[in-house]
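Fold and geometry: a report
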Amino acid sequence: MDKVVKWIPGDVLGLYLAAVSAIGVANPQLWLLIVAILLAPFVVVFGSWTLPEDQRPSRLPARAVLSAVAVAIWALTVPGSGWQVFTVVSQNAQTVAVIGAILGLVFGLVASALVPDEA
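What the rule picks out here adds up to two aromatic pairs. Aromatic side chains Phe-42 and Phe-46 sit 4.4 Å apart centroid to centroid with 50° between the ring planes, which places their arrangement in the tilted category. Here Phe-42 pairs with Phe-46, and both are found in helix H2 (residues 30–49), just four residues apart, close to one helical turn. You can call Phe-46 partly exposed: its relative accessible area is 38%. With a centroid separation of 6.1 Å and an interplanar angle of 45°, the aromatic rings of Trp-83 and Phe-86 are classed as tilted. Residue Trp-83 is classed as partly exposed on the basis of its relative accessible area of 24%.

Structure follows, in structure tokens:
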């Protein structure tokens, strides 16, 4: 069960990617990035409420916050994301995408260490 809640931010990121693609990568929207970042913890919390009480993950607030951070980091890898409104990101899009992916992988390891899966 815990793995279901853990992967929900990936679903939010997938939804964000679809929305960015629909709007067009040439027109970055910061508000859409903010919505995705705020949606991730909402989905984690409400997704856990769909589970029986004895199967809900512990440390839910920490998981919710970490999901928002994860979406913010991984969104750096999305072409045309809201991060592109910042000149330093748009002028270095390829480099930022690679750095974002590396940061996302490292953050995933750190987040797993901070809030380990339950047995």
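Our next topic: the packing of helix H3 (residues 60–74) against helix H5 (residues 93–114). The N-to-C vectors of H3 and H5 enclose an angle of 165°; their axes lie 8 Å apart at closest approach. Taken together, the axes of H3 and H5 are roughly antiparallel relative to one another. For the crossing formed where H3 meets H5, the hand is left-handed. Contacts between H3 and H5 involve Leu-66, Val-69, Ala-70, Ile-73 and Trp-74 from the former and Gly-100, Ala-101, Leu-103, Gly-104, Leu-105, Phe-107 and Ala-111 from the latter. Across the contact of H3 with H5, the residue classes break down as 10 nonpolar, two polar and no charged.

The rules behind these values
Residues numbered from 1 in each chain as written. Predicted model: local features only at pLDDT ≥ 70, side-chain atom pairs only at ≥ 80, totals over all residues. Heavy atoms only, no water. Phe/Tyr/Trp six-rings, centres within 6.5 Å; stacked < 30°, edge-to-face > 60°. Helix = DSSP H or I, 4+ residues; strand = E, 2+ residues; numbered from the N terminus. Buried < 20%, exposed > 50% of the residue type's maximum accessible area, 1.4 Å probe, protein only. Axes fitted to C-alpha atoms, helices over the stretch in contact; angles between N-to-C directions. Parallel < 35°, antiparallel > 145°, perpendicular 65-115°, else oblique. Left-handed = near helix turned anticlockwise from the far one by under 90°. Contact = heavy atoms within 4.5 Å. Nonpolar A, V, L, I, M, F, W, Y, C, P; charged D, E, K, R; others polar.

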